[in-house]
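Spelled out from the first residue to the last, the chains are:
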Amino acid sequence: MKTINEALRHFELPRLEARLLLSAVTGFSHAELVSFAPDELTLQQWQAFAALAQRRLAGEPVAYLLGEREFYGRAFRVSPAVLIPRPETEHLVDAALDKVGRNRRARVVDLGTGSGAIAVTLALEAPQWQVSAVDLSPAALAVAQHNAANLGATVGFHLGSWLAPLPADAMFDAIVSNPPYIDAQDHHLDEGDVRFEPRMALTDGNDGLDCLREIAAQAPARLVAGGWLLVEHGYDQGAACRALFTAAGLQQVATLPDLAGNDRVTLGCRA
């Protein structure tokens, strides 16, 4: 049987990925893996690690193998039913907290919530907010509901498309969304982790702007005066999103960059 150190070297995986997978099957922290490096794995541990390593070598995302991904300093359950939360989306959360104000009462909805990372984070960071979340996928909503319960967040979940399942008279201080925005012809859809993520959460099957068009058209009528629409989008979609927001009658329209300097979040306010 192999030692921990031998197991880490056995597969052609990046060292960090191998440690994460081995931690998952042994329950050891990274520090403990180093301390116990000469110790042998049990047969069950070795078989479990080898199975995960083979799946990773086949391209399956580490987040799906581990069943979780960190977002805003919290561990969120993920599955192939939802997108894997990414650091860029934290900019959307930051912008919403800044524009609405985390210390006042507000009604906020997250459209296309997926894992619930955005909605749950907003509910925890701004406890006075009344947060709702919508998704078209029952499987995604189940993951989001688990995350809300596990992290102690109060979020109202709704099954359906964008604003349709919400009460007709519901008005919001902010509408946030990280919708499908990748062009259907983009080669990145067939590369890396994205290959394993739900296609309907990645692309609209068209030019990547259909969902953004629909949200921009619907949102202003559901915002209170001074309410904000904030969306995440692709690095090359800032100008298009600003045009959509302006055409919808929103004011103070602007695009915020991510840490790499790419356009990432566009926002606008109802007069």
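Right above here is the structure, for reference.
No experiment lies behind these values; they were computed from the predicted model shown.

Draft legend 1. Focus on the environment of Phe-172. Within the secondary structure layout, Phe-172 lies in strand β6 (residues 172-177). Put simply, Phe-172 and Ser-23 are 149 residues apart on the chain and 43 Å apart in space, counted from C-alpha to C-alpha. Non-local contacts of Phe-172, meaning those with residues more than four positions away in its chain, are made with Arg-107, Val-108, Val-109, Leu-163, Leu-166, Arg-222, Leu-223, Val-224 and Gly-227.

Draft legend 2. Highlighting the packing of aromatic side chains. As enumerated under the stated definition, the model contains 6 aromatic pairs in all. Seen from their ring centres, Trp-46 and Phe-49 are 6.1 Å apart, and the 50° between their planes marks the pair as tilted. Here Trp-46 pairs with Phe-49, and both are found in helix α4 (residues 43-57), just 3 residues apart, close to one helical turn. Residue classification places Trp-46 among the buried residues on the basis of a relative accessible area of 15%. On the accessibility criterion, Phe-49 (0% relative accessible area) is buried. Arranged with centres 6.3 Å apart and planes meeting at 40°, the rings of Phe-71 and Tyr-72 form a pair that is tilted. Three or more aromatic residues joined by ring pairs form one cluster here, namely Phe-11, Trp-46 and Phe-49. Seen from the ring of Trp-46, Lys-2 lies directly overhead, with NZ or CZ sitting 5.9 Å from the centre. Taking NZ or CZ as reference, Arg-107 lies 5.6 Å from the ring centre of Phe-172, over its face.

Draft legend 3. Examining α4 more closely. Between its terminal C-alpha atoms α4 stretches 21 Å, which fits the 21 Å expected from 15 residues at 1.5 Å a residue. Looking at α4, one finds that the buried residues are Gln-45, Trp-46, Phe-49, Ala-50, Leu-52, Ala-53 and Arg-56. All buried residues of α4 project into a common sector of 170° when viewed along the axis, lining one side. Packing partners of the buried residues in α4 comprise α1 (4-10), α2 (15-26) and α5 (62-66). Two residues or fewer past α4, Gly-59 is found with a positive phi of approximately 110°.

Procedures and definitions
- Residues numbered from 1 in each chain as written.
- Predicted model: local features only at pLDDT ≥ 70, side-chain atom pairs only at ≥ 80, totals over all residues.
- Heavy atoms only, no water.
- Helix = DSSP H or I, 4+ residues; strand = E, 2+ residues; numbered from the N terminus.
- Contact = heavy atoms within 4.5 Å.
- Phe/Tyr/Trp six-rings, centres within 6.5 Å; stacked < 30°, edge-to-face > 60°.
- Buried < 20%, exposed > 50% of the residue type's maximum accessible area, 1.4 Å probe, protein only.
- Lys NZ or Arg CZ within 6 Å of the ring centre and 35° of its normal.
- Expected span 1.5 Å × (residues − 1).
- Arc of directions from axis to C-beta.

That is the geometry; function is a separate question.
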